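# Structural description and commentary
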Amino acid sequence: RAFQLTTFTQLSLLFFLPNVIKWYKMGFGGLATSIFCVMICVVLISPFILKASKSLNVMGNFVIAALAWHFSVLPAVTGGILSSSLAWNIVIPVFVATFLGFGSFIFWSAFMFLEIVIFLVMHMAGFSLPTIALTPAQLIQTQIANILGPFLTMVISLIFGNVGLRRALDAQKAAADESRHAQLEQEALMEKSDALAQKLASIFEQVSRQT
């Protein structure tokens, strides 16, 4: 799982760089800076955190915290509950379930759900969050990115999870086969020992009678 998460963080560079360039070219330096900082945390810093802490949970929660930061800032400046970028908040728990386990999944699911609830309450209270003025072409590109991005990311996460599960099951099967083989060898040895004991008992009985 540590290998999978580290591989995933390096592959995420293919997602981060285009988005940094996109937001910068569109003139939104704040968002470009935010996602650039997240990229540095996820791609460069997180493997060293794993090396220093030797803990998958520490590294994984650091990565998720960095992602949660950006995908909280992004809806906050693009319309709140009306922002299509909220789709990424659904993906984050999928990351956690794939790489970190059930406990972290519950925590980050609750965190993402609370964020969505806050945006919803603000919207119902009439509090308007800032929005980004986009041209029709930019709007279409953004909508496509916010639909295809989470979908492809979930697919990749589930593939990683499936591969990890298969490897775990194969390792468990190999261990079970090895244990069964050792048990059969032990039973064969016990049968030989019983046969030898019976043979020795027969010899002792014959010697006793002859004596």
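Per-chain numbering applies: the sequence of each chain, read as written, is numbered from 1 onward. Local features in this predicted model are restricted to residues of pLDDT 70 or higher, and side-chain atom pairs are both shown and tallied only at a pLDDT of 80 or more, whereas totals for entire chains, interfaces and linings draw on every residue. Here the side-chain values reflect all heavy atoms present in the structure, with hydrogen atoms and water set aside.

## What about the overall build of the protein chain?
- Going along the chain from the N terminus, every DSSP run of H or I of four or more residues is numbered as a helix, and every run of E of two or more is numbered as a strand. Within the protein chain, the secondary structure is distributed over seven helices and zero strands.
- Each helix and strand of the protein chain, placed in order from N terminus to C terminus, yields the pattern α-α-α-α-α-α-α.
- Taken across its 211 residues, the protein chain has 32% of its residues classed as buried.
- Within the protein chain, contacts between residues separated by at least 24 positions form 74% of all contacts whose residues are at least 6 apart in sequence.
- Accessibility throughout is a Shrake-Rupley quantity obtained with a 1.4 Å probe, and a residue counts as covered only by protein chains that appear here. When the accessible surface of the protein chain is split by element, carbon and sulfur atoms take 72% of a total near 13200 Å². Note on classification: 1.4 Å probe, protein chains only; a residue is buried when its accessible area is under 20% of the maximum for its type, exposed when over 50%, partly exposed between these limits. Contact definition: two residues touch when any of their heavy atoms are within 4.5 Å.

## Overview of the packing of helix H4 (residues 56-76) against helix H5 (residues 87-99)
- Note on method: axes are straight lines fitted to C-alpha atoms, helices fitted across the in-contact stretch only, with angles between N-to-C directions ranging 0 to 180 degrees. Taken N-terminus to C-terminus, the directions of H4 and H5 make an angle of 175°; their axes are 10 Å apart at the nearest point. Taken together, the axes of H4 and H5 lie roughly antiparallel to each other. Of the residues in H5, those touching H4 at Leu 56, Ile 64, Leu 67, Ala 68 and Phe 71 are Trp 88, Asn 89, Ile 92, Phe 95, Val 96 and Phe 99.
- In terms of residue class, the contact of H4 with H5 is built from ten nonpolar, one polar and no charged. For classification, angles of less than 35 degrees are called roughly parallel, those exceeding 145 degrees roughly antiparallel, those between 65 and 115 degrees roughly perpendicular, and all remaining angles oblique. Side-chain classes are defined by residue name, with Ala, Val, Leu, Ile, Met, Phe, Trp, Tyr, Cys and Pro counting as nonpolar, Asp, Glu, Lys and Arg as charged, and the others, Gly among them, as polar.

## Let's talk about H4
- Counted at 1.5 Å a residue, the expected span for H4 with its 21 residues is 30 Å, and the 30 Å between its end C-alpha atoms agrees.
- Think of a polar contact as two N or O atoms within 3.5 Å of one another; within protein, one of them needs to be a possible hydrogen donor and the other a possible acceptor, and neighboring residues in sequence only count if both atoms come from side chains. For H4, the N-terminal capping position is held by Ser 55, with its side-chain oxygen 3.4 Å away from the main-chain nitrogen of Asn 57. To estimate how far a helix should reach, multiply one less than its number of residues by 1.5 Å.

In short, shape yes, function no, at least from these values alone.
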